[in-house]
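Residue-level structural notes
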Amino acid sequence: MSVVEEKGPASGKEDYTQDGTVDLKGGPVLRSKTGRWKACSFIVGYEVFERMAYYGIASNLVVYLTTKLHEGTVKSSNNVSHWVGSVWMMPLAGAYIADAYFGRYWTFVIGSFIYLLGMCLLTLAVSLRALRPPPCAQGVEDQSCPRASSFQRGIFFFALYIISVGTGGTKPNISTMGADQFDEFEPKEKSHKLSFFNWWFFSIFFGTLFANTFLVYIQDKRGWTVGYALPTLGLAVSVLVFLLGSPFYRHKLPSGSPITRILQVFVAAGRKWKVHVPDDPKELHELNMKDYVSNGRNRIDKSSALSFLDKAAIKTGQTSSWMLCTMTQVEETKQMIKMIPILITTIIPSTLTVQASTLFIKQGITLDRSMGPHFDIPPACLTAFITIFMLLSIVIYDRFFVPAIRRYTKNPRGITMLQRFGIGLVLHIFVMITACFAERKRLSVARENNLLGQHDTIPLTIFILLPQFALVGVADNFVDVARLEFFYDQAPNGMKSLGTSYFTTSLGLGSFFSSFLLSTVADLTRRHGHKGWILDNLNVSHLDYYYAFMAVLSFINFLCFLVVAKLFSYNVDATDSITLEKRLKIQQK
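Residues numbered from 1 in each chain as written. Predicted model: local features only at pLDDT ≥ 70, side-chain atom pairs only at ≥ 80, totals over all residues. Heavy atoms only, no water.

**What about the packing of helix α15 (residues 383-409) against helix α17 (residues 466-489)?**
- In contact at an axis separation of 7 Å, α15 and α17 are set at 45° when each is read in the N-to-C sense. It follows from the interaxial angle that α15 and α17 lie oblique. Relative to α17, the crossing made by α15 is right-handed. Listed contacts from α17 to Thr383, Phe385, Ile386, Phe389, Met390, Ser393, Ile394 and Tyr397 of α15 are Leu466, Phe469, Ala470, Val472, Gly473, Val474, Asp476, Asn477, Phe478, Asp480 and Val481.
- Considered class by class, the residues forming the contact of α15 with α17 number 13 nonpolar, four polar and two charged. (Axes fitted to C-alpha atoms, helices over the stretch in contact; angles between N-to-C directions. Helix = DSSP H or I, 4+ residues; strand = E, 2+ residues; numbered from the N terminus. Parallel < 35°, antiparallel > 145°, perpendicular 65-115°, else oblique. Left-handed = near helix turned anticlockwise from the far one by under 90°. Contact = heavy atoms within 4.5 Å. Nonpolar A, V, L, I, M, F, W, Y, C, P; charged D, E, K, R; others polar.)

Next up, the structure:
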């Protein structure tokens, strides 16, 4: 033992990770041979292809529902919103399973194979003649086209929702696994982790860009069979890429059901609601520091927030986990609860993102899409500009803005995560204002040329929609990156997957709220003899009014965010409260 202490770093002991990560068998891992960007390259490689697969379906889904299943504006948009909502809500279940039972790696692997099964079935649904409706006759209006049978629609939507089940296992765990590859107790790795989510989004949007351009073009010009088969093949490749990186990954062990631990705190506090909390925090129930360090966790000191939950840690002689919780468990619950108001303010920007990929595309169908005598740009291709402007803004933000502003703020991130998110919310207001003015122009040209039929093409270039798509891309750089980083960073160590699922949950709730909002506005504005703001025929609709309404709603949401952000207090960095050197000494005792 004395020899080991004398050699110190030369023994290799300090080269093991200190953040509780292990190998796939549960053993300690060497920092030099695992994790970091080497492991992340496989994880990011997976995400590039997976984004291609997902957006290869999502980007053009509203077009397929409109042109092949002959659904109207509200119905097709809502069906997209419902599916997207389920895709982003299922990660709640995946995060629970990962944190409580299987761990992130195995939950991800199982989910990815379910995902691949759904993609294969969806490809068959658009390919086999028996599983898709027959095409419309030449010159026949959509209302007279042969309808898809209940069986055909059932197979198509069954495949879509199998995909959503699969993504429940992949989405909350893949980005979390990526962030887990950096040991926060090693200064260089910790600095890399601060930039991880920026470059994570930068990398995955290459797949999105490919889907929004090449795959959308293939679907529009070469057919849906090839257009869906390619992303299915891409997903199969992505799973293979991920599995090849298995020897290099660092893993966090499942620490039990986070939802159960949260419920235990509420139940224990409720049962002792009449008991007075002692003034001395040392009188509350807590484990030794060594017990946490040996399990790769951090002990969390008592905070003043949500103090009524502190009653769960009062010692009353009963040791049941539903009567007595550690102070760390109480603080973990507080950390998850205090993020919920922020989560609520992220629903409106998620709603706008969903509508940008449905209503904006619907507008594009009515415009002049020609680019030369032999090429028409598919409407969904405009979503590529969201990706392009997001990629450009991420590079500018990470390489120029952050280093410049860091000199004044002394914040390693340049600005705080909530400040970054707030800038994105302001940009979303301008997105809706821009969309409103573009739609007013489109409608005025339609009226001037008496082109008021549902299938009339307005003599106005589709690129009039480019500014609103570009603004969405820049706004998403601020909103999406900050949102994912915030929920991961502010979640306790044992609940990181659940924290990441807050990000996907906000997108899911935004999708369902988009469907509710669209249906409600369409219904209310058609009552009492009014024409309505949102009709199947967009040339006689009033989407400009709807976009103005969304701008007002976004402004109100921004004001609510300012109040919530002002009241929010960031968690104390665990690596500041316990240094690596101190952690090693505790382990050696």
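**A look at the packing of helix α2 (residues 36-58) against helix α6 (residues 150-180)**
- Look at α2 against α6: their axes get within 11 Å of each other, and the N-to-C directions meet at 150°. One element, α2, and the other, α6, form an angle in the roughly antiparallel class. Judged by the sense of rotation from one axis to the other, the crossing of α2 with α6 is left-handed. Packed against α2, whose contacting residues are Cys40, Ile43, Tyr46, Glu47, Glu50, Arg51 and Ile57, the element α6 presents Leu160, Thr170, Lys171, Ile174, Met177 and Gly178 at the interface.
- Partitioned by chemical class, the residues of the contact of α2 with α6 number seven nonpolar, two polar and four charged.

**Structural notes on the side chain of aspartate 180**
- As for its position among the elements, aspartate 180 is in helix α6.
- At 2.2 Å, the side chain of aspartate 180 and the side chain of arginine 104 are in polar contact. (Polar contact = N/O pair within 3.5 Å; in protein donor to acceptor, adjacent residues only side chain to side chain.)

**Observations concerning a positive patch on the surface**
- Residues Lys33, Arg36, Lys38 and Lys188 make up a contiguous surface patch of positive charge.
- The residue lysine 33 is located in the loop between α1 (2-7) and α2 in this model.
- Residue class for lysine 33 comes out exposed when judged on its relative accessible area of 56%. (Patch = residues over 30% accessible without salt bridge, like charges linked within 9 Å, V, L, I, M, F, W, Y side chains within 5 Å. Areas by Shrake-Rupley, 256 points an atom, 1.4 Å probe, with all protein chains shown as cover. Salt bridge = Lys/Arg side-chain N within 4 Å of Asp/Glu carboxyl O. Lys, Arg positive; Asp, Glu negative; His and termini not counted. Charge placed at Lys NZ, Arg CZ, Asp CG, Glu CD. Buried < 20%, exposed > 50% of the residue type's maximum accessible area, 1.4 Å probe, protein only.)

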